[in-house]
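Survey of secondary and tertiary structure
One-letter residues, chain by chain:
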Amino acid sequence: MSTHPQPATAPLYDVIGLGFGPANVAIAGAIIEKWGPAGNTSGHATLQQVLFIEKQPEFRWHPGMLLPNSRMQISFLKDLATLRSPQSPITFLAYLHSQGRLVSFINRGSFTPTRKEYSDYLSWAADFVQKRGVQVHYGEEVIGVARRDDGTVEIRSRRVETGEEFSRRTKNIILSPGGTPKLPSALSVIAPHPRIIHSAYYLSAVDKFFASIPQSSEPLRIAVIGAGQSSTEVLLDLYNRLNARSVSADRKHVLEMIFRKGSLKPSDDTPFSNEIFDPESTDMMFSLPSKRDRQAVLREYNPTNYSVVNMRTIDSLYEVMYHQKLLDDIKTRTGRVEDSDRTRITLRPYTSIFAAETVSADAAGSASAESVQLTLHGIHTRAVSQSSYDAVFCGTGYDRDSWVRLIASSNLADHLGVKSTNIELVPDSEPADQGPLSLFADVEDTGVISPVSSRSTDGFSTPPTPATPHSQHSKLTLETQVSKVRISRSYRLLSPRGDKSDADVPEEPRIYLQGCTQSTHGLSESLLSIVGVRAGVVVDDLCGA
């Protein structure tokens, strides 16, 4: 496939953003605020040419989980701009006003919009910044980056539909990679498979799944993996769908929720705990003297967001399961069966998935052409069992390491001191020869922090970014070697200590990272809570403020 290099008259971009989810929409909003009133782009010459490259054909935010009446978990005031600049033209209130729903929203009496409305707000903001002059190329995936001899960065991208490739130059880049859906290791071995569905694709995939099942009275068996908000919402939606599907007398559809914990845990959204998502908490987190201290804080506040469910959803599920017991008791006493009682939910706590394989319908006794057989392991009992399912839905989070592969496979790796794809971010203020002592030296180390690392999360994120193939620049061989990469408070990746100071090398490109810095900047990094404030910090740093 031929590549279209930039012609001699092509612009040298001041900044190119990789991805155009909420994080980079917020960046675009902060940039147009620097420009000033509409039609004026002369305020900051350093940000004249701005481009974002997005793989999706249009702006999308979690299209697979826009379930009916599903609510946001944060206040509408934690939007793309309000905490940074309440007078910004891309606040949620500005959106409501532009749509003529401001008064109605106030009458609604809630600080949390539906997920559908918030998705529409984000799409409106993406359109708004484009109308103000921000360039966005949808339908292109970034396939490589490389530092040029003149200090600029070459961005190579490919049009998804045609395979046509493009090359552009920029002075600076902003990496906002979003998350790549993550499956349990046992299931990833046989994925992709039409019967194994991540919650990121739920709405489109679930319709295709039910359409592929022959209309019959045979009961279906479905598993939901995970114990977080997404898994629980998927479980309840599947329950409603299965109850609307016919089944033979005295038989019921089976819906099992499989998870490693002992029970569904409520999210801690109390006021004091929520302060961990305040912008000031980012300063606190970043200034802690050691990795151990930061891990202690992450571990303490893990229940605010990871593998937890809000109380409203927990109450809804418990009510459904209590109603199951009521109907069973009525049937036992009277023999009467309600026609709508077609599905049974079973929770399987303290259970892990040891192995998975596909089996034929005859072998599994399944209603579908092919089933997924799971080998399950009781965490405490050590009991091993096998169960077959017509489909397995996974609410098992996201990996956030596509940026690692992108940088590691380019000659930017040399500039940043990257020697392998095993990268650990380190605050630039942390001493290079740091000893073992920390502020939390007396706190018992109870385990690793994998759910809140920079690479893995299970919260909502921007649309997934594809894996980046290795380029000709890659010189990495030691995948087990940890590469410590310095990062500034303003989210800028820095060269290693001992090199010439980044500030002393003005021709060096600036590389910023968003949404993947929990290990240095705190829990809110992959969430929406501080996107507006963070965008301001990044843009101010770009402008030299």
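Structure shown above.
These lines cover the structure that appears in this document, whether it is placed above or below. (Residues numbered from 1 in each chain as written. Predicted model: local features only at pLDDT ≥ 70, side-chain atom pairs only at ≥ 80, totals over all residues. Heavy atoms only, no water.)

Some points on the overall build of the chain
Secondary structure assignment for the chain yields 16 helices and 23 strands. The burial tally for the chain puts 53% of its 545 residues in the buried class. When contacts within the chain are restricted to residue pairs at least 6 apart in sequence, long-range pairs at least 24 apart make up 78% of them. Looking at the chain as shown, the accessible area adds up to about 24,400 Å², and 53% of this sits on carbon and sulfur atoms. (Helix = DSSP H or I, 4+ residues; strand = E, 2+ residues; numbered from the N terminus. Buried < 20%, exposed > 50% of the residue type's maximum accessible area, 1.4 Å probe, protein only. Contact = heavy atoms within 4.5 Å. Areas by Shrake-Rupley, 256 points an atom, 1.4 Å probe, with all protein chains shown as cover.)

Considerations on the pattern of salt bridges
One pass over the structure, following the stated rule, counts 26 salt bridges. Ionic pairing is found between Arg158 and Glu141, a salt bridge with its closest N-O pair at 3.4 Å. Of this pair, Arg158 sits in strand 6 (residues 153–159) while Glu141 sits in strand 5 (residues 140–147), placing them 17 residues apart in sequence. Since its relative accessible area comes to 27%, Arg158 is described here as partly exposed. (Salt bridge = Lys/Arg side-chain N within 4 Å of Asp/Glu carboxyl O.)

A look at the packing of helix 1 (residues 22–35) against helix 16 (residues 531–542)
Where helix 1 contacts helix 16, the axes come no closer than 8 Å and their chain directions differ by 55 degrees. What the angle tells us is that helix 1 and helix 16 run oblique. Two packed elements cross with a definite hand, and for helix 1 against helix 16 that hand is right-handed. Residues Ala23, Ala26, Ile27, Ala30, Ile31 and Lys34 of helix 1 touch helix 16, and the partners they reach there are Val531, Arg534, Ala535, Gly536, Val538, Val539 and Asp540. Taken together, the residues that form the contact of helix 1 with helix 16 break down as 9 nonpolar, 1 polar and 3 charged. (Axes fitted to C-alpha atoms, helices over the stretch in contact; angles between N-to-C directions. Parallel < 35°, antiparallel > 145°, perpendicular 65-115°, else oblique. Left-handed = near helix turned anticlockwise from the far one by under 90°. Nonpolar A, V, L, I, M, F, W, Y, C, P; charged D, E, K, R; others polar.)

A few points about the side chain of Gln229
Locating Gln229 in the fold gives a position in helix 7 (residues 229–243). Residue Gln229 is classed as buried on the basis of its relative accessible area, which comes to 11%. At 2.8 Å, the side chain of Gln229 and the side chain of Glu233 are in polar contact. (Polar contact = N/O pair within 3.5 Å; in protein donor to acceptor, adjacent residues only side chain to side chain.)

With respect to the packing of helix 7 against helix 11 (residues 311–334)
The description of two helices packed together rests on the angle between their axes and the distance between the axes. Between helix 7 and helix 11, the least distance of the axes is 10 Å, while the angle of their chain directions is 40 degrees. Comparing the axis directions of helix 7 and helix 11 gives the class oblique. You can see that helix 7 and helix 11 cross each other, and the crossing is left-handed. Judged by residue contacts, Gln229, Thr232, Glu233, Leu235, Leu236 and Tyr239 of helix 7 engage Thr313, Ser316, Leu317, Val320 and Gln324 from helix 11.

Digging into the sheet that holds strand 17 (residues 391–394)
As a general point, the strands of a sheet are linked pairwise by backbone hydrogen bonds and lie either parallel or antiparallel. In spatial order, the strands read 10-17-11-12-13; together these 5 strands make up an open sheet with parallel pairing. Every interior strand has two partners, whereas the edge strands, strand 10 (196–198) and strand 13 (343–348), have only one. Strand-to-strand twist of the sheet, defined as the mean angle between neighbouring strand axes without regard to direction, takes the value 20 degrees. Here strand 10 pairs with strand 17 via 3 bridges, running parallel. Along strand 17, the bridge assignment pairs Ile196 with Val392. (Pairing = 2+ DSSP bridges.)

Describing the nonpolar core
In terms of nonpolar packing, the biggest core is built from 45 residues, with Phe20, Leu80 and Val134 touching the most fellow members. For this core, the secondary-structure elements that each account for two or more residues are helix 1, strand 3 (50–54), helix 2 (92–99), helix 4 (115–131) and helix 16. Tallying contributions element by element places helix 1 first for this core, with 8 residues. Those residues within four positions of Leu80 in sequence are excluded, and the remaining contacts are Pro22, Val25, Ala26, Ile90, Tyr118, Tyr121, Leu122, Ala125, Val531 and Gly532. Counting residues in each nonpolar core, the second largest holds 31 residues, with Tyr202, Leu236, Met257 and Ile345 among its members. (Core = buried A, V, L, I, M, F, W, Y, C linked by side-chain atoms within 4.5 Å.)

Observations concerning unusual backbone geometry
Excluding glycine, residues mostly carry a negative phi; peptide bonds, for their part, are mostly trans. The peptide bond linking Ala191 to Pro192 adopts the cis configuration, its omega dihedral lying at 0 degrees. Of note, Tyr350 is a non-glycine position whose phi angle comes to about 50 degrees, a positive value. As for its placement among the helices and strands, Tyr350 is situated in the loop between strand 13 and strand 14 (351–360). Tyr350 gets classed as partly exposed once you look at its relative accessible area, which sits at 40%. Of note in the backbone geometry, Tyr491 takes a positive phi value of approximately 70 degrees without being a glycine. Residue placement: Tyr491 occurs in the loop between strand 21 (482–487) and strand 22 (492–494).

Focus on helix 4
Taking 1.5 Å of rise per residue, 17 residues should cover 24 Å, and helix 4 covers 25 Å from first to last C-alpha, within 8% of that figure. Looking at helix 4, one finds that the buried residues are Arg115, Glu117, Tyr118, Ser119, Tyr121, Leu122, Trp124, Ala125, Ala126 and Val129. Where helix 4 ends, the next residue or the one after it, Gly133, has phi of about 115 degrees, a positive value. (Expected span 1.5 Å × (residues − 1).)

Looking at helix 2
Within helix 2 the residues assigned to the buried category are Phe92, Tyr95 and Leu96. For helix 2, the arc enclosing every buried residue in end-on projection is 95 degrees, short of the 170-degree limit, so these residues lie on one face. In this structure, the buried residues of helix 2 make contact with helix 3 (102–108) and helix 4. Following helix 2 by one or two positions, Gly100 has its phi on the positive side, about 75 degrees. (Arc of directions from axis to C-beta.)

Observations concerning the sheet that holds strand 8 (residues 172–175)
Pairing in this open sheet of 8 strands is mixed, and the strands run 4-3-2-8-23-22-21-19 from one edge to the other. Of all the strands in the sheet, just strand 4 (135–138) and strand 19 (422–427) have a single pairing partner and so form its edges. The mean angle between the axes of side-by-side strands here comes to 30 degrees, regardless of whether they run parallel or antiparallel. Bridge count between strand 22 and strand 23 (residues 510–513): 2 bridges; the pairing is antiparallel. Opposite Arg492, over in strand 23, you have Tyr512 as the bridge partner.

Notes on the side chain of Ser490
Looking at the secondary structure, you find Ser490 in the loop between strand 21 and strand 22. The buried category is assigned to Ser490, whose relative accessible area is 12%. A distance of 2.9 Å separates polar atoms of two side chains, one belonging to Ser490 and the other to Ser488. Excluding its chain neighbours within four sequence positions, the residues that come into contact with Ser490 are Tyr512, Val537, Val538 and Asp541.

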